[in-house]
Structures are given as C-alpha cells and as structure tokens.
Amino acid sequence: MKDGPHGPIYSVSQNGGAAFLPIRLDVPETALPDYLLRKDLALPELDLDSLLILLEAIRKIPPFNKAAFDLTATCLEQPGWRYSSSALSDVFAQGSLELSSELGTALKELSGFESITLQRPTEKSALAATVDLALQYQKGIDSKRTVILAPQSLARACAEADPKTWIKLTALEEDESRGLAYDAAEEGICPDTAGIIIPLTSPDGFFQPEIKDIAELSRSRGAMVIGLCPSPLVFSGVFKPAELGLDLLALCLEGRGTPRQFAEAENTNVILCRKELEPYLDGPIAERQSDGSYVRAWPERSPSLGRFFETKIRILLNHYIWLYSAEWGDIRSRCEQATLNANYLAQGLLSPQDGPRAEGGKPGFFYSPIFRLRLKLKEGVDPVEVCQDFERSMITVRGYDALPGQGETAFLLACDGMERKERLDQAIFSIRPKLDKEKSEAPSH
Amino acid sequence: MNQAQFAALEATQKLKSLGLAGQADLFSAIPNHLLFPNVLAPAALSEPELVNRLAQLAHKNRNAKNSNWFLGAGRYYHAIPELIHLYARQFELNAESATEGLSSNQTFLGLLLDLQSMISELFALETVYPALPSLAQTAKTVIAAIFDYAESQKLPTSKREVYIPAYLHPELKTIFPALVESRGGKAIFYTSPPKEASKALGNNCLAMLFAQPDFLGEVYELSTAIQQTHAGEALCAVFTDPLFLGLFRAPGQIGADIVMASAQALGTPPAYSGPQLSFLGVTEELTPFTRAGRVQAEAEGERLVWIDGGQANTDWHRAPEMVSSALYLAGYGASGLKETAHLIWNRSHYAASAISKIRQCTVKSRFFFQEFVVELPYQADAVSKLLEKNGIISGFPLSRIFPERANQLLICVTEMDDKDEIDFFITKLKELL
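Sequence order sets the numbering: in each chain, residues are counted from 1 along the sequence as written. Note on labels: chains are lettered from A, ligands numbered from 1, in written order. In view of the model being predicted, local features appear only for residues whose pLDDT reaches at least 70, and side-chain atom pairs are presented and counted only at 80 or more, with totals across whole chains, interfaces and linings using the full set of residues. Heavy atoms from the whole structure form the basis of all side-chain values; hydrogens and water molecules are not counted.

## Some details on the overall build of chain A
Step number 1: The helix and strand inventory of chain A stands at 12 helices and 14 strands.
Step number 2: Think of it in three bands: residues with accessible area under 20% of the maximum for their type are buried, residues over 50% are exposed, and the middle band is partly exposed, with areas taken using a 1.4 Å probe on protein chains only. Taking all 445 residues of chain A together, 59% fall into the buried category. Here a strand is any run of E in DSSP of at least two residues, a helix any run of H or I of at least four, and the numbering for each starts at the N terminus.

Quick look at the structure:
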C-alpha cells in the first residue's frame, strides 16, 4: 500500500499539522512562477478546540415558537439549495425558478397587482427602484414630471436610500396617527409631480382613511401613486392594495416567520405594479413555459450574476414555507391573528383613555400588526429593559425612540400572529410595573 | 388540537377582552366593499407535504454535489469541513438570539479579532475590516476613503480619475463608475495588462484598481504596475481572492494601499448567494479615512470594543460567514491554505493543458489561477447545454457578459474537481466536438 502525502494512516493523529487536512494532489504538478510565490505566510494553526469553546459560549439556542425555522433548517440541507448556482443559468436552476414563480403568483393574487419582481435586497433599494420606475414611466409621457412627494416620516429614509433618486423629493406634512391628510396631498400635487408615496399605514400603525381618495386625486392629476408596505401581514386576505388605486407597491416580505435579524437589513423585497408598467420592471422573475420548464423573464433587463443582488435562498424558503404552511391556519387568519395580537398587547399596556386612537381621535384599533406603542415609563426605567421584556416574550421590537416633548418612548413592535396569549400576557405582566402610574391602570386580562 | 385550532380558541378570549364580537371589527376603518376579497390562495400544505415539495424543487436544481461542477464566475465550490458547516448553520438558523448583542460580546469580538489578524497577515496590510456586509458596500467604502484622502491632502481637483480594469467582476464593474461619479470623479476602464496601463497614467489619476486574478482568472505581475502608479502619486487598490493569497505574494507586500476580497471561498457554500461578507484592508495612512467597523482593544490585554467607524450598518446576521471564515483560516492554517491553493493551481492547469490538446479548442488564458478561458469551435452556450446532459456543468459562457466572446467558455477548476472528474469532462468534450 502506498503512503499518501500525509503519511500512513497511523501517523495522521500526530501533532504539528493543520486541523483540517487538505485534499491530496492527484494530478501532475505544473511549474509555479517563483517570483510571484509567497514564502512567509504565517497564519496560526490553532487548536480548534479552543475556538469551539469560544463558539459554544457565544451560541445560545433560543426556544423556537416559529415552526418555519425548523422546516427551513431541514430543507436547506438539500444540496439543491446550498450548492446550486441559480443566478448563472436557467437550465441548471429549474427548482429555484419554480419556487420564485409560485411565490410571485401567490403575491400577485394576494395584492391584486398584475406584475411583480422579486428579490430586492433591502426596503430602501426596493423603494428607490419603485420611484425610479415611476420616473421612467412619466418621462415617456410628460418629461416635466420629476418631483416625488413623500410623507415627512419617509423623507429621511428616502434620502438615505439613494441620493440621486431622491434629488427632487418634497416632504408632505402628516399626522402620526392619521397619516397623510387629503388636504396636504391636494396642496402638494402639482403639474411637475411624478408620483406620490403613500404607506399603507400611518407611522403609528393605523389605516390611512384617506388613502383611496388621495390615490384618486393623484391619478386624476397625472401623478402616479406608489404604495409602501412593511409586511404582507398588513393586507393578506383582508384587502387587496391594488384596489385602493395604487399604481405600484414596494412590499417587504419580512414578518412572516423570518428571524428577527433580517428586519433591519437584508431581506426579500418585491415590487408589484399594474400591467402597463411591466416594461419598466427590471426583474428577476421566473415564467413558466408551455413545455413546463421555467425561464427568467426579461434577462436582458437584469444582467446581474447574482453575486450581490440575489436573495439568500434561506429567505426565499422561509417565505415559501410561511405562505404554504397549514400549521398556523390560512393566510387571512394569520393576518387577523397578528392584528388581534397587536391590539391585545396595546390594550394591556395602555390605559383606556390612552389606548389606540384611530380617525378623529376616537378609540380605535391598530390596523397593522406593525405598530408604534407610546409608553410613558417610570423615572429611571431604561427603555432597553422594556425591549428585553418584549423580546423575552418573543415579540419583535424593531426599534424605539424617546419622544422628549411628551415624556414618552415610542416602541416600534411587530406581531406575526404566532404569539401565544400566554406570552402576550407575560409581556404585559412584566412591563406594566415599569410604566408611569397614571398610564398603567389598564383593564385586567 | 393543532396550532390553528388552538389559536382560534385563544382568539375568542382576546376578542372578548377587547370587547369585540369578531375579528372583522378590527378592520372597521377599511371600506366594506374592499374588505375580505376573494383570493385564489394556494392550498396550504402539511409539514411532510411541504418538506417533500421543497425536496422535489431542490432536486430540479443542478448542483455541485450531483454534477461535475466547473462553474465559477464569482461564486466558487470549495471544500467546507463539516465542523464549519455545523457551527455556521447554528449561527445562521438561531441567529435570532445568537447574534443579539454581538457588538459587545467579548468572546465573539475575540473571535473577530483573530479573524482580523489572520486577514491582516493574508493581505499584508495593517488595518483590516472583517465585517463588510457586501462587496458593493466594500466598493462604496473604498471610493469614499480614496476621495476623502484626496480632499484631506488638498490634491488638485482635476486629480480625480479612477482607473478600473475592464475584466473586474462585471457586477463590481458596474458599481465603481457610479460611485466615482457621485464624488465628482471620472471612471476610466483599461483593457491592457496593468503593467502597460499604469505606464500611460496621466497626472489626473487619483487611484488605480487591479483585479488579481481578474474575472477571467488571469494573474498579473503587479509590483511594477503598483510602483508606476505610486510614481504618479496615485493610490493602488487590489481586488483579490483569499485562497489565491495562500500561494502568491500578498498585494500589501508589493505596495498596494487597499486590498478587498469576498469571504465566500472561506467556508461558505456557493449558493449561499446574496451579498457576500467581504474583507477590506488598508494602510495606516488610509485608516482615518476608512468608514468601516473593526475590533479594537481599549488597551493592551484590555476589554475589546467594536468600533463602527461610521459604517452605516454592521450586519451581524453575517455572523455565520464570519464564524466560517475564522474557523476555515484557523483550521487550515498557512500550510493548509498553501496546499489548497497549490492543488487548485495544479488541477486547473492540468485541465487547461488537457483541453488545449483537443483539436479545435484553444486555451486563451496564459497565466491563470482557478479559472481559464477556452475558445470552442461552436457557441459556448450550446456546448455547455449539451454537456449538462452528461451531468457536467462546464463553466460560464462569456457571451452572457461579452457578446463578442460567443464561443468562449470560462472554466473553473477548484480543489473539489478531482482528476477523474476532469478526465471525464475532457472525454465528453472531445466526443462532442
């Protein structure tokens, strides 16, 4: 028996080598250019055990309450997901294209739009692309239309997204609860307005009561209406955003079972639009051919090799599992559950007179499962402690802001419908003693 | 009782406490005629059905495990020890809590510090930023550093030209000009070898970018080019491959001011896709102008802190890739890295040499690492599709990026393609032609 380059098998365990053994050389050697060779590389050859002990200390396994994680873990083990190269060839990536196609079809049906592109990596880039699309479309009709209107709360995010896109952005005043008012839009929409951005919910998480009227006004004056939505849980099965009169919708798919760390960063974002805007979409989207195979539509519009812009496959799998899993009921009931949980939590933490306020300041309900809760904390209570209380109860905190003038802290929270009542009660129980006395007289649960 | 039934029972209790008769009352603000439309939603599936469905779809994807894989073009199939896979996966799927507070976690910062020092050794540069969330973000950081440096040195405003190699990775190539122009500069593409291109630089050159190896796998002798660029008082930035540096001289050793590389080769599967964790190294002189995050010790042997350096986002969800890279470099060490790179060199040159002996095939690359270009007698796209039927993913048809290169195939050979697989590929290619 011939010895390999690492010596006979009984001496492999001797110390002095790297922890991972490279593969043996099995082809003839080709001369190396000596003048380019490196002779002094001195990386440490560590005892891996010490690194693994470090990793064990860092790693904490959380209790899962989201079934999608377990399923994604199982499915990702298929080499067809991890070791494919879907961005490079349609022929090699039929599975990925079919997955994208099914997701796209389902989202079009849920939203009421006719066309879609998938896989914008961030919310900001999706919004920038949507605005870009509106500007391009308007350019062909009326080149003077170059101004985009957006509510105040979005102006900062817009400016950060892409300074070139937002060069002509006009901020419109809005009310934190009511959102954008018809009068402000009426005043703002001018002959040079290319489009107006309207989030489906107000900053606090209420339905924008005048959204349909604003959309009609905007379209009657030749401006496009761009919707913005932070999660499909805001509308799935409850209403179709296209029926509100929107031309386009930038939709973030976060909030359907993906781990929390995706919330502020990389994600899958989609752009939905009316059929006549389809020529301006930049892909990628998959289309089914008559022979049952799938191809990427409009490859010439998106020459990307997927190195930067293709979404991680685990996120697509998460979306797919969220959409198709029967475990938590149908899509509409999950959407309703999420909204119900948001309101239940709010009612538990706010006193009746300070509870959610809808149109005209009347008591109302958060319409969105992503909502802002303004809490007056007891003196000395750190908002971080409150965030931790929410997190311990598996309620996602997307951020918090101190509102100095009002002595309150606004917590941006997200429910996904999978929170159990027991956990919501646990959050209420641990947070209420930290609230200012006059605000903590909430009805008991 | 399943989850859905249990949720329905709880919903009744929640509605009661809110004083509502039904869930529909929550949506009273929405006009009635829009509420609860008819949706042709897909049929929901049980867990076993879902797992089966996704397995069927996965099976339809050709992949590196079930094919002879010679595809690269930016994402590479390299060996990943199972241990790395195991730990990275735990960070990936449990990241919800595992990445929580990483910026202040001393143990994790210790791991990152190890990674930083290993990359610093690999690049041969003093300052390393180990957590850039994407190559696009790295490009942005590099251009910002170059222009901020120029402004701080009060260089003439006409000195704002940045030279970019025509065979930089196509996606980076599209990003750089926009970034340069956004800072009032001018991007100029060069096609000749760096040594020739750097001779012809004018006084207005602020920086020159090099790709080593470039998108076509070509390796260049960069030291003269870097000297010539420096002679014109311009900065040098090199985009490289970390495994290439296991065998060849580091850009920092031959005078590069900036080095950037993707972390994918170090323990991350090719279809992890999406933006890739990237490393950036700069000289001490450029450190104050580089807005990216890194680990620093408050004092010798003291507490470690994460300095974000003005980086807009530190994406801690890149922790799995950070863990993979650290384990990969520590586990293989210098000797393992060198042996792996050596193996890639030998196998890719063996494949190229065998292909060059096939009549009608010409290997266009002369001096390459891992990837090389072959001119075929027919359209590369068509040949590639025919080989796919034999389970061979033969490479990247260059016509997809360069229409004038219709018959050229970019073939990638890594340490994962053994002699038998290469020989099988050559035999089938011969039969086909």
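## Brief notes about the overall build of chain B
Step number 1: Along chain B, the regular secondary structure elements total 12 helices and 15 strands.
Step number 2: Along the three orthogonal principal directions, the C-alpha set of chain B runs to about 80 × 60 × 50 Å.
Step number 3: Looking at chain B as a whole, 65% of its 433 residues are labelled buried.
Step number 4: The contacts in chain B between residues at least 6 apart in sequence include a share of 71% that link residues at least 24 apart.
Step number 5: Computed with the Shrake-Rupley method and a 1.4 Å probe, the accessible areas treat only the protein chains shown as cover for residues. Just so you have it, chain B exposes about 15600 Å², and 49% of that area is on carbon and sulfur atoms. Residues count as neighbours in contact if any of their non-hydrogen atoms are within 4.5 Å of one another.

## A word on the interface of chain B and chain A
A common way to express how large an interface is: the accessible area buried when the components associate.
Step number 1: On the side of chain A, 126 residues touch chain B, which itself brings 151 residues to the contact.
Step number 2: Summed over both partners, the accessible area (1.4 Å probe) lost when two parts come together is defined as the buried area. Between chain B and chain A, the buried area comes to about 12600 Å², and carbon and sulfur atoms account for 64% of it.
Step number 3: Salt bridge, as applied in this entry: a Lys or Arg side-chain nitrogen positioned within 4 Å of an Asp or Glu carboxyl oxygen. At the boundary of chain B and chain A, one finds 6 salt bridges.
Step number 4: Across the pair B:R53 and A:E98 runs a salt bridge, and its minimum N-O distance is 2.9 Å.

## Describing the packing of helix α6 (residues 135-152) of chain B against helix α7 (residues 170-182) of chain B
Residues and elements named next belong to chain B.
Step number 1: Only C-alpha atoms enter the line fits that serve as axes; for helices the fit covers just the stretch in contact. Angles between N-to-C directions range over 0 to 180 degrees. Running from N to C, α6 and α7 point in directions that differ by 35 degrees, and their axes come no closer than 10 Å. Here α6 and α7 pass one another in a crossing that is right-handed. Taken together, the residues of α7 that come into contact with α6 (itself represented by L135, A136, A139, K140, I143 and F147) are L172, I175, F176, L179 and V180.
Step number 2: Only Asp, Glu, Lys and Arg are considered charged, only Ala, Val, Leu, Ile, Met, Phe, Trp, Tyr, Cys and Pro nonpolar, and every remaining residue, Gly among them, polar. For the contact of α6 with α7, the per-class residue count stands at 10 nonpolar, no polar and 1 charged. Crossings are sorted by hand: turned counterclockwise from the far helix by less than a right angle, the near helix makes the crossing left-handed, and turned clockwise it makes it right-handed.

## Notes on the packing of aromatic side chains
All names here are of chain B.
Step number 1: Pairing of aromatic side chains requires ring centres within 6.5 Å, counting the rings of Phe and Tyr and the six-membered ring of Trp. Pairs whose planes differ by under 30 degrees are stacked, by over 60 edge-to-face, and all others tilted. Counted under the stated rule, the structure contains 19 aromatic pairs over all chains.
Step number 2: Relative to F369, the ring of F244 has its centre 5.3 Å away and its plane inclined at 75 degrees; by these criteria the two rings are edge-to-face. One end of the pair, F244, is in the loop between β6 (235-240) and β7 (258-262); the other, F369, is in the loop between β11 (362-363) and β12 (371-375), and 125 residues separate them in sequence. Considered together, F244 and F369 belong to a single accessibility category, that of buried residues.
Step number 3: Plain terms: the ring middles of Y328 and Y332 are 4.6 Å apart, the flat faces sit at 55 degrees to each other, and that makes the pair tilted. Of this pair, Y328 and Y332 both sit in helix α10 (residues 319-356), 4 residues apart, which is roughly one turn of that helix. Per residue, the accessibility class of Y328 equals that of Y332, and both read buried.
Step number 4: Among the aromatic residues, ring-to-ring pairing joins F244, F248, W345, F367 and F369 into one connected group.

## What about the environment of B:E218?
All names here are of chain B.
Step number 1: Assignment of secondary structure puts E218 in the loop between β5 (205-212) and α9 (223-231).
Step number 2: Considering only alpha carbons, one finds E218 and Y87, 131 residues apart in sequence, at a separation of 34 Å.
Step number 3: E218 has contacts with Q212, P213, S365, R366, F367 and F368, leaving out every residue within four places of it along the chain.
Step number 4: As used in this structure description, the phrase polar contact means that two N or O atoms lie within 3.5 Å; if the pair is within protein, one of them must be able to donate a hydrogen and the other to accept it, and residues adjacent in sequence are counted only when both atoms belong to side chains. At a separation of 3.1 Å, a polar atom in the side chain of E218 contacts the main-chain amide nitrogen of F367.

## Here we look at the pattern of salt bridges
Side chains that carry opposite charge are capable of pairing whenever their charged atoms lie near each other.
Step number 1: Taken as a whole, this structure holds 29 salt bridges over all chains when the rule is applied.
Step number 2: When the shortest N-O distance is used, the salt bridge between B:R347 and A:D26 registers 3.0 Å. Here B:R347, found in helix α10, pairs with A:D26, found in the segment before α1 (48-58), and the two come from separate chains.
Step number 3: Put simply, A:K240 and A:E109 hold a salt bridge, and the shortest N to O gap is 3.5 Å. One end of the pair, A:K240, is in the loop between β7 (224-229) and β8 (248-252); the other, A:E109, is in helix α4 (residues 94-111), and 131 residues separate them in sequence.

## Comments concerning the pairing of β6(B)
Residues and elements named next belong to chain B.
Step number 1: Of all 6 residues in β6, 6 are buried; the element is thus mostly enclosed.
Step number 2: A two-sided burial pattern is seen for β6, the buried positions comprising L235, A237 and F239 on one face and C236, V238 and T240 on the other.
Step number 3: Alignment of β5 against β6, held across 6 bridges, turns out to be parallel. The partner of F210 across the bridge, within β6, is V238.
Step number 4: The crossover handedness rule: strands pointing away from the viewer, path from first strand over the helix to second strand clockwise, crossover right-handed. Note on the crossover from β5 through α9 to β6: the handedness is right-handed.
Step number 5: What makes two strands pair is DSSP finding at least two bridges between them. Here β6 pairs with β7 via 4 bridges, running parallel. Counted as the bridge partner of A237 is I258 from β7.

## Observations concerning the sheet that holds β11(B)
All names here are of chain B.
Step number 1: Taken in spatial order, the 4 strands make up an open sheet running β11-β12-β15-β14, and their pairing is antiparallel. Of all the strands in the sheet, just β11 and β14 (396-397) have a single pairing partner and so form its edges.
Step number 2: Looking at chain direction, β12 and strand β15 (residues 408-412) are connected through 5 bridges and run antiparallel. Counted as the bridge partner of E375 is Q408 from β15.

## Some details on the packing of helix α10 (residues 331-349) of chain A against helix α12 (residues 421-431) of chain A
Residues and elements named next belong to chain A.
Step number 1: Across the interface, α10 lies against α12 with an axial gap of 9 Å and an inter-helix angle of 25 degrees. Relative to α12, the element α10 is oriented roughly parallel. The handedness of the crossing between α10 and α12 comes out as right-handed. Facing α10, whose interface residues are N341, Y344, L345, G348 and L349, α12 presents K421, L424, D425, A427, I428 and I431.
Step number 2: The residue makeup of the contact of α10 with α12, split by class, is 7 nonpolar, 2 polar and 2 charged. Here the angle decides the label: under 35 degrees means roughly parallel, over 145 means roughly antiparallel, 65 to 115 means roughly perpendicular, and every other value means oblique.

## Here we look at the pairing of strand β2 (residues 127-132) of chain B
Residue and element names in this part refer to chain B.
Step number 1: In terms of residue burial, β2 counts as a mostly covered element, since 6 of its 6 residues are buried.
Step number 2: With 4 bridges joining them, β2 and strand β8 (residues 278-282) adopt antiparallel strand pairing. Bridging across to β8, V128 finds its partner in G281.

## Regarding the sheet that holds strand β14 (residues 408-414) of chain A
Residues and elements named next belong to chain A.
Step number 1: Overall, antiparallel pairing links the 3 strands, which are arranged β12-β14-β13 in an open sheet. Two strands lie at the open edges of the sheet, namely β12 (370-375) and β13 (396-403), each paired on one side alone. Looking at each pair of strands side by side, their axes are set apart by 20 degrees on average, direction ignored.
Step number 2: Here β12 runs beside β14; their pairing, made up of 6 bridges, is antiparallel. The residue bridging I370 from the neighbouring strand is A414, located in β14.

## What about the environment of A:C229?
Residues and elements named next belong to chain A.
Step number 1: Following the sequence through the fold, C229 ends up in strand β7.
Step number 2: Overall, C229 belongs to the buried group, its relative accessible area being 2%.
Step number 3: If we skip the residues at most four places from it in the chain, C229 touches L200, V234, F235, L249, A250, L251 and C252.

## A closer look at helix α9 (residues 313-324) of chain A
Step number 1: In a helix, the anticipated span is given by 1.5 Å times the number of residues less one. Look at α9(A): 16 Å from first C-alpha to last across 12 residues, which is about the 16 Å you get at 1.5 Å a residue.
Step number 2: Those residues of α9(A) that fall on the buried side of the exposure criterion are A:I313, A:R314, A:I315, A:L316, A:L317, A:N318, A:H319, A:Y320, A:I321, A:W322, A:L323 and A:Y324.

As far as function goes, none of this settles anything; it's purely spatial.
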